[in-house]
Structure formats: structure tokens, C-alpha cells
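Analysis of the macromolecular model
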Amino acid sequence: MMNALLRFGAAALAVVSLASIAATVDAPIKPQPLKSGLDFSGNEVRDLQQDDFANPGMLWVARGEKLWQEPAGEERKSCASCHGDAPVTMKGVATRYPLIDPGTARLMNIEGRIQQCRERRQHAEPLKYESPELLALTSYVAHQSRGMPLNVSIDWQNRHNFDAGRALYFKRLGQANLSCAQCHQDNWGKKLGPETISQGHGVAYPIYRLDWQTMGSLHRRFRSCLSGVRAELLPQGAPEFLDLELYLAARSQGMAIETPGVRR
Amino acid sequence: MTARIQAPSTAKRGEVIEVRIAIQHTMETGFRVDEAGRPIPKNVVNKLVCRYNGTEVFRAEMGSGVSANPYLDFFTVADASGELVFDWIDDEGTTGSERVTLTVS
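Cut-off values and rules
Residues numbered from 1 in each chain as written. Chains lettered and ligands numbered in written order. Predicted model: local features only at pLDDT ≥ 70, side-chain atom pairs only at ≥ 80, totals over all residues. Buried ≥ 20, exposed ≤ 12 C-beta atoms within 10 Å, placed from the backbone. Helix = DSSP H or I, 4+ residues; strand = E, 2+ residues; numbered from the N terminus. Arc of directions from axis to C-beta. Contact = placed C-beta atoms within 7 Å. Pairing = 2+ DSSP bridges. Axes fitted to C-alpha atoms, helices over the stretch in contact; angles between N-to-C directions. Nonpolar A, V, L, I, M, F, W, Y, C, P; charged D, E, K, R; others polar. Core = buried A, V, L, I, M, F, W, Y, C linked by C-beta atoms within 7 Å. pLDDT = per-residue confidence, 0-100. Expected span 1.5 Å × (residues − 1).

1. A look at helix H10 (residues 218-228) of chain A
All names here are of chain A.
- Inspection of H10 places Leu218, His219, Phe222 and Arg223 among the buried residues, and these make up the whole buried set. The buried residues of H10 occupy an angular sector of 145° when the element is viewed end-on, so they sit on one face.
- Of the surrounding elements, those touching the buried residues of H10 are helix H11 (239-251).
- Directly beyond the C-terminal end of H10, a positive phi value near 60° is found at Arg230.

Below is the structure:
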């Protein structure tokens with residue numbers, strides 16, 4: 001009897017470990033074909049994004065360009081003192097984010113990197129997440145990679161973040177009891193009220209949303225979605241959001257960065 | 001206030017040129033309330049003037065119906081080399097100014 005139980009236990013363990021191995025080697029589930037949110041927008045919004053002058057997001061990029069040169073903190077160093085000419089040094093950088101910061105072994109997005117630079121190199125006050133200054137710098141950095149394909153690799157270092165992000169993507173949340181996947185994976189292209197549901201890619205962020213009348217980060221968008229399904233809101237920069245950002249980046253692999261995007 | 005101006009740097013005499021300006025401004029309507037329910041006072045860029053070598057060529061008076069980060073577009077005739085100077089002011093009294101040079105041949 002005891003023996004039989006033990007054998008059963010061992011077999012069950014083997015099944016569990018096999019299942020977890022299978023779960024870790026899974027790639028993100030991608031919609032086919034990959035479509036940018038711009039493909040679901042009207043002509044007016046598309047024209048606004050594609051005209052580099054009329055695109056209101058370019059105002060944040062211009063502000064970021066100024067801030068890049070501005071010395072800050074006790075060290076009186078600017079971004080440019082270390083990183084030089086952003087169009088050269090920041091080209092392609094945004095395609096690799098979010099990534100694991102070697103120093104802290106934590107997942108970090110562009111906002112997080114800017115904050116870390118301010119804290120450690122410039123010895124300046126951290127910028128508030130979603131503040132106009134941080135949005136401007138993030139937009140400026142991400143804009144240098146516009147048109148370049150997203151290229152995030154999932155390896156042993158960020159695997160657990162990826163798995164957590166994927167779990168969150170498929171987890172039903174809030175009073176509406178909806179997961180990200182139920183709208184953006186299973187029902188993209190269909191109507192939700194007057195809106196067409198997009199595939200939910202994060203490649204154009206930070207974006208200028210006409211609804212917000214201002215620039216907003218990807219984490220602000222996550223919060224809007226959470227509030228849409230009546231779920232509890234997480235703060236911007238939360239580790240759960242970073243994991244989700246990584247999952248989305250892997251899901252959007254190969255799509256061109258559009259920063260600054262314009263959406264309705 | 002960040003602003004961007006787009007105008008040709010060179011033009012032929014008598015040529016009609018397009019001038020575009022975008023200003024970063026929240027254009028607070030005065031109809032909104034903050035998280036505590038207090039009304040947010042109206043604050044919009046209410047006047048923008050463009051002078052071409054000292055002569056006023058364009059003026060805009062804006063109100064609460066204009067969306068955030070206003071973008072304006074107008075045409076003028078290039079008749080002499082010089083400067084296009086933009087000045088604007090909002091309800092709080094914050095002023096902004098930008099200029100571009102134009103060479104007419």
C-alpha cells in the first residue's frame with residue numbers, strides 16, 4: 001500500500017515537472033498577422049502620426065532633446081556628458097528593452113534606466129513616473145529607434161519574468177473577469193462599442209492619446225485597461241507591469257518601433 | 001513651454017510660404033475638476049501673434065474649445081529677408097516666444 005502510494009507520488013511529481021518544463025519553453029502566442037494599433041485607427045489619426053510636425057508627440061521628443069543636454073543633480077552632468085549624441089548612441093537601444101539590469105538583476109524598462117542614471121550618475125532627484133520630464137526623455141530615447149524592429153530575447157535570465165508576464169496576460173481580472181488575451185488575442189479586429197479592438201502591441205509608446213490630450217506611458221495604458229475591466233490598479237513601474245511589458249515585447253518581436261505614436 | 005515651428009529657411013520673393021507652429025500646453029478648459037472635486041481654473045493660450053519683420057501677419061485668439069497642444073498653420077507672402085517672431089501668452093500670464101529666420105532671394 002505504502003509502496004503503491006510512493007510510486008504514485010513519484011509519477012505525479014514527474015508529470016508536474018514535465019509540465020513546468022513544457023511551460024517554460026513555450027514561446028509567446030502571437031496574433032497572425034502582427035498588426036500595429038495604427039492599422040486599426042482612422043485616417044485622421046494615421047495622418048497625424050505620420051506627419052512629423054503635426055504629430056503632437058514630437059513636442060515631447062523636442063523637449064527630451066533639450067533635457068538631454070541639460071545638466072542636473074550634484075554632479076552637474078547631463079545625459080549628453082556620458083552618452084554624447086543621442087541619435088548615434090541611442091540608436092536601436094529601445095529595441096532591446098525591457099532587459100535585465102546586470103547590477104541589480106532586475107527587469108528594467110527605459111523609464112527605469114533613466115531613473116537609475118539620474119540616481120547613480122547624476123545624483124539628481126528621481127523623476128516621477130509619468131512626469132512630463134520623464135515622458136519627454138523616454139520619448140526622445142525611444143524615438144531614436146523608430147522604424148527598427150523590436151528585438152528582445154528570452155533567456156535563462158529573464159525567463160521567470162517572461163513566465164510571470166505571460167501568466168498575467170492570460171489571468172482573468174476584475175469585476176468584468178477578463179484577461180488581456182480575451183480581447184487582444186482572441187477577439188482583435190472585432191468591435192467593442194464603437195472601437196475596434198487592437199492587438200495590443202506596445203511598440204509606439206510613449207504615445208499621444210487624443211483621449212488623454214497628452215503623452216502617456218505604456219504603464220498608464222495598462223492602468224486604463226485594468227480600470228476598464230474593474231480590477232485593482234497597480235502603480236506605474238510595478239514589477240508585475242514590467243513582466244507584462246517583457247511578455248508584450250516578446251509577443252511583438254520584429255515589429256517596428258513607432259515612438260511617438262498617436263492613438264485615439 | 002516647448003514649441004516647434006516649421007517654415008522654409010529660403011524662399012523666392014513673392015512666393016507664398018506655409019508656416020506651422022505647435023505649442024505644448026495643457027489648454028485647461030476651466031470645466032474640469034481635480035481629484036478632490038475642486039474646479040481647475042481655466043488656463044489656455046489665449047493670444048498668439050506672428051510678426052514678420054515687425055509687421056503683424058497672423059493673430060490667433062483661442063478659447064477653451066481649442067484642444068491641448070494647439071497646432072496652427074497659415075500662409076504668408078515672402079517679400080523680404082528677415083525674421084518671423086512668434087509671441088504668445090496664456091491666462092496665467094506665462095509668455096512664450098520663438099523665432100525663425102527667412103532668407104528671400
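2. Considering the sheet that holds strand S1 (residues 3-6) of chain B
Residues and elements named next belong to chain B.
- A sheet is described by the order of its strands in space; here three strands give the open sequence S1-S3-S6, paired in antiparallel fashion. The outermost strands of the open sheet, each flanked by one partner alone, are S1 and strand S6 (71-77). Put simply, the sheet's adjacent strands are angled 15° from each other on average, direction ignored.
- Direction of pairing for S1 relative to strand S3 (residues 16-23): antiparallel, over a ladder of four bridges. Opposite Gln6, over in S3, you have Arg20 as the bridge partner.

3. A short note on the interface of chain A and chain B
- With nine residues of chain A in contact, the opposing surface of chain B contributes 10 residues.
- In terms of residue count, helix H3 (residues 57-69) of chain A provides more of the side of chain A that touches chain B than any other element does, four residues in total.
- For the side of chain A that touches chain B, a count of residues per class yields six nonpolar, two polar and one charged.

4. Comments concerning the nonpolar core
- Judged by nonpolar contacts, the single largest core of 59 residues is most densely connected at Leu137, Val141 and Leu246 of chain A.
- Excluding anything up to four places from it in sequence, Val141 of chain A contacts Ala86, Met90, Val93, Ala94 and Ile110 of chain A.

5. Describing the confidence of the model for chain B
- Summarising the model, chain B shows a mean pLDDT of 94, and 100% of its residues fall at 70 or more.
- With a pTM of 0.88, the predicted complex shows an ipTM of 0.90.

6. Let's talk about helix H7 (residues 132-143) of chain A
All names here are of chain A.
- Between its terminal C-alpha atoms H7 stretches 16 Å, which fits the 16 Å expected from 12 residues at 1.5 Å a residue.
- Burial within H7 is extensive, with 10 of its 12 residues counted as buried.
- All buried positions along H7 are accounted for by Leu134, Leu135, Ala136, Leu137, Thr138, Ser139, Tyr140, Val141, Ala142 and His143.
- In this structure, the buried side of H7 is in contact with H3, helix H5 (86-89), helix H6 (110-122) and strand S6 (214-216).

7. Points about the sheet that holds strand S5 (residues 55-61) of chain B
- Taken in spatial order, the five strands of this open sheet run S2-S8-S7-S4-S5 (chain B), and their pairing is mixed. Strand pairing shows two members of the sheet lacking a second neighbour, strand S2 (10-11) and S5 of chain B, which therefore form its edges.

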